[in-house]
Amino acid sequence: MSTESSKLAFDDGWQYAPAPESTDHVSIDDQYGLFIGNEFVEPESGRYFDTINPATEEQLASIADASEADVDRAVRAARKAYSDAWSKLKAAERGKYIFRIARILQERAREFSVIESLDGGKPIRDSRDIDIPLAAAHFFYYAGWADKLAYAFPGRNPVALGVAGQVIPWNFPLLMAAWKIAPALACGNTVVLKPAETTPLTAMKLAEVIRDADLPPGVVNIVTGAGDTGAAIVNHPDIDKIAFTGSTEVGRIIQRAIAGSGKKYTLELGGKAANIIFADAAIDQAVEGIVNGIFFNQGHVCCAGSRLFVQESVADEVIAKLKDRMETLIVGDPLDKNTDIGAINSARQLETIESYLKVGREEGAEMHQSSCDVPDTGYWCRPTIFTGVSQSNRIVQEEIFGPVLAIQTFRTLEEGLDKVNNTPYGLSGGVWTDKGAKIFRMTRKIRAGVVWANTFNKFDPTSPFGGYKESGVGREGGLHGLDAYLKLEA
Ligand code: NAP
Ligand code: MG
């Protein structure tokens, strides 16, 4: 892995010395089977696929490719575990298992962080400080609810749904698994989960944790594969609930597939979030927030602040400061603790991002990228901003899912608000102003599930998360996240 890439040449000539996280404490098997009934088993077809490190293009492990028959086996294990074991346990006992998962994750946090960065390309700082601690926090939070469901829904009788089928994306692999598994188990359901094809490794490690925590066999089953494996889960007749996080396109396919089946569902889909900076905002703080909002995790964030609206009188200042700040961002080795922007998750995602960079230029926008070097191997994209764009441009309307920001200006609050809401998506947004009254006016009117004020990308297990419009159906996290896994009887 190139360490050159993670050095930063400042104008005055000094550089950060490389500070790579060690990998000595990490063990990755050559091959992983499917996790069914607390054992790793061979896929029926005998087929495996590779998962690679997107920073080096080296193979990390080979992963079982689950067919429809394998998914059926996992669902049968989950059904049996539900009927024979999990639904018979006292709620407080279920909670103890979930606490155990949380504690083991915490103990093994360093190992999980390194594997997350190796398999997915995200900077170790993000895996270490955000993904893994938040995943553990989700298990802790929902473990606490397991025996208190009656208090969460007073006067109603909360009953588990049965078997939950869950399909997740590659941008927060372990965290998305925790978002899905923790509330499902707390509510008394059993689970069949499919991680994304490019980032299965922390899910396989989580399978080890679940086995080591001695959960009754079949309570959590993890089947790996690509879109077909996901579709086999969605279409399985003995699944009671589908929880999906991914693209709006696949979300639509899933909604059609389960229409009329009686399956309960939550869909957490794409986004095209806007940040809006008013002239009275603390500009340096806002610039830092914008940088965090779009360049964090390579822009592989559903709620990434990929559109920016700046009040006209401060636009030149904001753009100049943004450009300066972009020059200091370190792109390179995800395992280096200095790295700000790691590798793009896959060759396919890089292709998508690059095609949008081309579209943006063809639409007449002005593109500016930081001048840093990027390594020769692996998948990389420099932080990029577009100015001179208009509302109808594709780079303003469509989700790019990379470190690419489209900047526009506005004059009045009403104009800014109209522009922010002119999108088919509605997952998140950010308001930057010194005036509390403006914060309240804007946050009430921005049509998005989460709106941050003078900050961005802050997550907490107690807070519900989800979209308006094409960003999804239902909420995850907090009390709302329990509702999604229960029948509430009168
Ligand atoms: P994706 O292509 O929709 O894939 C998501 C998952 O669905 C993957 O596991 C995928 O398998 C699987 N899948 C693909 N086709 C399927 C089908 N026909 N039926 C069932 N499952 C299928 O999305 P992605 O590119 O991995 O992730 C990026 C997207 O996720 C972005 O749009 C982002 O905004 C969204 N996202 C939303 C949230 C949120 O909370 N709203 C959070 C994170 C990400 P493969 O592994 O083979 O692709
Ligand atoms: Mg990988």
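For the structure, see preceding data.
The paragraphs below set out a description of the structure included in this document.

Calculation rules
- Residues numbered from 1 in each chain as written.
- Chains lettered and ligands numbered in written order.
- Predicted model: local features only at pLDDT ≥ 70, side-chain atom pairs only at ≥ 80, totals over all residues.
- Heavy atoms only, no water.
- Donors = N, O, S within 2.8 Å, 3.2 Å for Na, K, Ca; no water.
- Helix = DSSP H or I, 4+ residues; strand = E, 2+ residues; numbered from the N terminus.
- Buried < 20%, exposed > 50% of the residue type's maximum accessible area, 1.4 Å probe, protein only.
- Salt bridge = Lys/Arg side-chain N within 4 Å of Asp/Glu carboxyl O.
- Pairing = 2+ DSSP bridges.
- Axes fitted to C-alpha atoms, helices over the stretch in contact; angles between N-to-C directions.
- Contact = heavy atoms within 4.5 Å.

This part takes up the coordination of the magnesium ion (ligand 2). Those protein atoms acting as donors to the magnesium ion (ligand 2) are T51 (OG1), I52 (O), D119 (O), D119 (OD) and T198 (O), and they sit at 2.2 to 2.7 Å. Every donor residue of the magnesium ion (ligand 2) comes from the same chain, spaced as T-I-x66-D-x78-T. Placement of the pair is D119 in helix α3 (residues 109–120) and T198 in the loop between β8 (190–194) and α7 (201–212), with a sequence separation of 79 residues. Given a relative accessible area of 1%, D119 falls into the buried group.

Looking now at the pattern of salt bridges. Within the structure shown, the criterion is met by 28 salt bridges. With a shortest N-O distance of 3.1 Å, E93 and K96 are connected by a salt bridge. Taken together, the residues span about one helical turn, with E93 and K96 both in helix α2 (residues 91–107) at a distance of 3 residues. Since its relative accessible area comes to 48%, K96 is described here as partly exposed. Among the charged side chains, a network of salt bridges with common partners joins R108, E111, K205, E208, R211 and D212.

Take the sheet that holds strand β18 (residues 450–453) next. In space, the 7 strands of this open sheet follow the order β14-β15-β16-β13-β12-β17-β18, with mixed pairing throughout. The sheet is open, and its two borders are formed by β14 (366–369) and β18, each paired with just one other strand. Pairs of neighbouring strands in the sheet enclose a mean axial angle of 20 degrees, with direction left out of account. On top of the sheet, helix α11 (residues 315–327) reaches β12 (274–277), β13 (307–311), β14, β15 (384–387) and β16 (404–410); it is set at about 135 degrees to β13, its chief contact.

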